[in-house]
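Below, each chain spelled out in residue letters.
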Amino acid sequence: MAGTNPRGKPKSRALVASAAHGGKKKKGVTGGAGKRGDRRGGRHGPRLPTALRRQLDALGPSPSGGSDEDEEAGSDEGGHDVYEYEEGVPEEEAGKNGRYDAVEKYEYEFDSDASDADEDVPSDEGEDMEEDDAGEDEDEEKQIRILQETTGMPREAFDGGKKKKQPLELPFQPGVGDGPVTIHDLLNNIQGKPGYSKLRKRLQQQEKKPMVVQAPLAKVEREKLERSVVYQQSKKEVTKWETLVKRNREAPTLYFENDLNLGVNTIGAIASEFKPRNELEKKMAEIMHSTEMMEAHKNDGVKILELNKIDVEDVRERQNRLAKMRSLLFRHEMKAKRIKKIKSRTYHRMLKKDKLKAASADFEADPEAAKEHAMKQEFKRAEERMRLKHKNTSKWAKRILKRGLDVQDEGTRAAIAAQLQQNALLTRKMNSTKDDSSSSEESSDDEEDDHESEANILDKGKEKILKILGDDNEIPTSGVFSLPFMERAMKKHEEATYEEARLALEECDESLRKLEDGNTKENGDSVKVTGKRTFGPVKNTNKETSKKQKLDEADKNSDSEYESDSAQHLDDNEINKLDDVQIGTALLDDDEPQDDLFKSFDDIIKNPGPKTTVEVGMLADNSWKKFKSSKGNGGSNINSDIDKSTVKISYMSDQKLKQLDHNSDSDSEDEMVEGLLTISDAKENYKIPSQADLIRQAFAGDDVEAEFEKDKLDVLNEENPEPEKPALVPGWGQWTDIQHKKGLPSWMVKEHENAKRKREDALKRRKDAKLKHVIISEHVDKKAEKLLARNLPFPYTSKDVYEQSIRMPIGPDFNPAISVAALNRPAIVKKPGVVIKPIQYEEVDPHEKPDEPKRVIQRAVPNPKAKRTSAKQAKTIASNKRK
Amino acid sequence: MDSAKPAPEQKAMEGGEQEALDEMEKKVYKYSRGKAAYLGTLRDKKLKGQLAAREKLYGHSAKAAVQTEKWLLPTEGGYLEPDDEDLEKTYRYQQSSLVGEVDLSSSRKPFDMILPLLGPYTLGYTGNGRYMVVGGRKGHVAMMDMLNLELIKEFQVRETVRDVAFLHNEQLYAVAQKKYPYIYNRHGTEIHCLKEHGKSLKLQFLEKHFLLSSINSFGQLHYQDISTGEMVANYRTGLGRTDVMRVNPYNAVIGLGHAGGKVTMWKPTSVKPLVTMLCHSGPVTAIAFDRGGHLMATAGVDRKVKIWDLRKYEVINSYAARAQSLDFSQKGLLACSNGSQVEIFRDTGGQDYKIYMKHRMVKGYQIGKVLFRPYEDILGIGHSMGLSAILVPGSGEPNFDTFVDNPIETSKQRREKEVQSLLNKLQPETIMLNPNMIATVRPSRKKEKKTKKEIEEEMEDAVETAKSIEFKKKTKGRSKASKRAKKREEEVLKAKRPFLEQHKENDGRPDKKQRVGDEIELPKALQRFAKSRQ
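Per an unreviewed UniProt entry, chain B goes by the name BING4 C-terminal domain-containing protein and belongs to Oryza punctata.

Word for word, the UniProt comment on chain A under Subcellular location (unreviewed entry) is "Nucleus, Nucleolus".

Okay, here's the thing in structure tokens:
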């Protein structure tokens, strides 16, 4: 029935219509398409009673497809009313009768003419009707127009006539009932009217014709079409944002400065805004804010403030006091620290002694403790008396004594002496301890070293012994002692004691000697002072040791000294020569011991205290001076020696160097010191260079260049080593003669050539390849490598671009203050606490210059240009896509 | 008339503007530190945009710097300029006549100090040029405030003094004495004795790195960090004794002049010299570096003074003159001393150094050291009979930046600067020939292959060690001679294996096994069964 000319309809129109339907369902957000759809929907026969439609058409400005644009824009034409009316009707209908179920609508929406053909019969008929109606309308329209032209009266006058016609048809409508109005119904209505037969004929003809119904499109195709439509739509949506996004992307900095005023959020502010909510809080507030409390608080505060008043003087005093205390504490602490660190044995020994003394003082105060101490001491003494542990009774002591103390080394002797002393201390009679201890205490008071105290004791002992020895024991001539046997016995006894005393003396001497071995000089002195009698062996050893020492020193000197000690130099030339040979590091190494030695020499005589530059220097130098002057002509000799040596080191003539700079120390060292004495030295030292030297100097150039070339070659070879010569693999192809005949395998030769070429390339690439007189090291400094970038940073693809981009320093030291901030600004500027909102649409001129200094994304006050609709539109797109 | 006049005026104005613009452009170029990279080749649009924006900022910055320059650099240096180039010569101008011409404060600056007793003098200035330390060969050390011409401290060390050098400020200075260098403070108190340096002949202080470097009589170069006390480096130059040493102020590389006519350049992190140049055919007597770091002047016994371009390592100019001491001033004047005469050269454009001034000391005075005073038009001269200072117009930088050096700083400023400079201390690794290399991309380094010989040697060593392994004594026939031999053999093989593999890798020999099927094209029907090559 239907499908009069569905094929002829342009596809696009159908598409638009269908899309429009969808739009209408969603209450027509997008203007144009939706409205057009409305109108078309209106043209569908079955939906509107014909009469109504006619009336509407009569009201409408132009029935033909006319100005879509006008309507789209919702302009102020007369059609406006009509539009509104139309809008209303389909909605109502949709509400009333359920003819428009969802499925149907879908088919309408996106289908082409084919879907039209697929439609229900009624709708098709409607279409036909529409055609007819259109024809009629056209006729009427024409008629009206002609009338209008001829009479010049307004259109409404003629329309009225038409309206009057309508009631003729209207009454039929209720008779038709709910079913769809067919063309036959309509035909019946106009039966007997002129033109009816003609119409019927046409209808019949049409009905007779075979109906051509297009098969519905495949689902895939349909969906493709749908998607393409959606795509078009969404593209339009998205492209709108493009410029905006581009602008933001290109901006060096984005600002999010919304909510600039974040409000007060200090604790105080929050507290001030606090309002009590629950019971407890309310109660608390009541109490807190009660007048009494407030009053009390106020008063109290005042009182406290009054109390706070302090005198400035007091404060200062207090501060001073505190500072003093602090400094005292600090000092004490430092002292304690220092003392704690001391490792000296002597010091600790003294400390112990002090402690003991303090303890003894304690004992005086505290009888209990004293008693205990006394008990302990007594016990010790008793033990000693019983065991004689310290009286050379041990196996070790016996052995040593047997071998003789003279042969022993110092340590052993000292140990033996110490043991004996301990024994003496412990076995001393209690009564005699008093005076002895006092004397020992005295001595220990002013002595620093324990060794020395020991020595003192020994000395005293010796003196006593000597006194005993020296005393002629007067034998009482009367009484029992005068008896002859008594006399004999006495003599014997005397002899025995004498012998004993002598032994003891010897022991003493030995121990003394050992004690003072360090500084032999004093030792000798002391011996001289104390000993009226001298004992052979003792003296001998003394001399021997001192001699030995001297010899040693001399040796050391000659070994170590190089340029300073002229005497030594004169003495042993051999050593000097040796020095000449191995000058390099040996000299440096020797330097220090030599120095030490010097110091020890001088410092033995003088105080070895902390070195104040002037004094020590002077003293040292004075002594030196004398020494040197005594050796008159030594200096020149040394000089020549040194010259030789230096010549050996550096192949250039040393003398030349010397005359060039006054710094070469061979002369300076000698001329040095006490300006007055040696001023003229510098001038005397100048020598006219010998002929040989002059020649060498004149031809120095050639030599230098050759040398340099050699050096360069060495460096090159080191940094780019030459490839190895190809060698036969041992045992490979050698036992037949083939290998020899063939020569090396080709791959080996090739490899070698490759390596050679590579080396040459490398050499050519060197920076100093073309500079004959320069060697530039190609060594890679591993420590400096950490300062270089390992590889190109991300966005960069070219090394040059990267390196150029970092050429400018961006710090405040290198840029004017006005540009520093811009140079160092981060990509996004945002205050903490600012909420970043989704982007808002904003009209952007795509051709505007992008060097606007600030790119504000989010303003404190929303941008007036921003459109709220954007979000909505996005939603529609999304929904479309879903469909 | 009215109409005629404005035209040339306008023209003149335009010309003036043009000139000003040109000058501005030149200055902008200076401040933009080279050109931007060509961005056309960049594919990444985003990066391109970013870089373009950056460049624009740089441009703004440079322009702003130029505009502020006239406020920050208010004074310009002057020179002695002859009225008539042909007749008048600036080097004929004597000091005595010069002193009368200059302003009062400048006329007070030159002096002659005759100190005949304590030998040839050497001197050093602080970075800001305010203080001077002098060292007499025979132990006289003195420090002076040159602004007020006050003696701050003077003392006698009673030892040879070979060189003096200020450390980062006037509070400390180092003196190379008979055996060791010592560090004294401004009151003359000995603070340190640097024994490790040995008998040093010359001292140089690297300000930015806080390194004190010295060369001693054995040709050993020492670097010591004076802020931590750490000995940073100690290298043997192996080129004999020398006392010709200077630091390049641009990159803190130390230049040494040697007896063989060589000049070597050193940094603390390299055992070998960075650059070795053959500069003279006789021993090098003096060396000096320009402030910009690209010029070096050397003097040798071969009666030549040469000026070098350190970017190309080529001689720019060579003059026949003797010089015992050389120094570049801040503005690029070059002073050479020869006997009792000082000559000062000036760049007349295109690095053509012409004699600018001459000064002759009293006959017989041997000049030991010449040194320009920073920020002043003064040349300090240390000679055998004391010290002198002469006026050299146009030698010093007329404008000082108080963030860099302040000749009139207060003690508080000095303290702050000390802290600041300690915070900004550069590590010794940062010393390199081209300091702009920092942060650039490291040049790709090929992994160096070991040569066959080396591999063989290593293998032999490994085999030896494997052979010498002592086995445990085991019972039940497990340590029979045969078993042991077997074990040993196994060990040796195990030791050899990695080296053999290496050997194979290194061999250029083509692989013997040829893969079958790779080259052969299968019939189409069978192709689908072939393994896909991927």
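**Q** Looking at this structure, I do not really get the overall build of chain B. What am I missing?
**A** The secondary structure content of chain B amounts to 8 helices and 28 strands. Expressed as a percentage of its 534 residues, the buried residues of chain B come to 38%. A sequence separation of at least 24 residues applies to 47% of the contacts in chain B between residues at least 6 apart.

**Q** I would appreciate a short explanation of the sheet that holds strand S20 (residues 304–309) of chain B in the present structure.
**A** The pairing of strands in a sheet happens through backbone hydrogen bonds and is either parallel or antiparallel. Residue and element names in this part refer to chain B. Reading across the sheet, the 4 strands line up as S18-S19-S20-S21 and stay open at both edges, with antiparallel pairing between neighbours. One side of each edge strand has no neighbouring strand; the edge strands of this open sheet are strand S18 (284–289) and strand S21 (314–319). Averaged over all pairs of adjacent strands, the angle between their axes in this sheet comes to 20 degrees, without regard to strand direction. Across 5 bridges, S20 lies against S21 in antiparallel orientation. Counterpart to Trp 308 in the pairing with S21 is Val 315.

**Q** So what exactly am I meant to see when it comes to the sheet that holds strand S14 (residues 244–247) of chain B here?
**A** What the 5 strands build is an open sheet, ordered S2(A)-S17(B)-S16(B)-S15(B)-S14(B); its pairing is antiparallel. Here the strands that pair on one side only, and so sit at the sheet edges, are strand S2 (774–776) of chain A together with S14 of chain B. Averaged over all pairs of adjacent strands, the angle between their axes in this sheet comes to 15 degrees, without regard to strand direction. One ladder, built from 4 bridges, connects strand S15 (residues 254–257) of chain B with strand S16 (residues 262–266) of chain B; its direction is antiparallel. Within S16(B), the residue paired with Leu256(B) across the bridge is Thr264(B).

**Q** I keep staring at the environment of Glu378(A) and nothing clicks. Help me out?
**A** All names here are of chain A. Relative to the helices and strands, Glu 378 resides in helix H19 (residues 367–387). Among the residues examined, Glu 378 registers 11 C-beta atoms within 10 Å and is labelled exposed. Once the C-alpha coordinates of Glu 378 and Leu 426 are considered, the two residues, 48 residues apart in sequence, prove to be 9.1 Å apart.

Rules of the game
- Residues numbered from 1 in each chain as written.
- Chains lettered and ligands numbered in written order.
- Predicted model: local features only at pLDDT ≥ 70, side-chain atom pairs only at ≥ 80, totals over all residues.
- UniProt positions renumbered as here; feature names shortened; annotations may be inferred.
- Helix = DSSP H or I, 4+ residues; strand = E, 2+ residues; numbered from the N terminus.
- Buried ≥ 20, exposed ≤ 12 C-beta atoms within 10 Å, placed from the backbone.
- Contact = placed C-beta atoms within 7 Å.
- Pairing = 2+ DSSP bridges.
- Axes fitted to C-alpha atoms, helices over the stretch in contact; angles between N-to-C directions.

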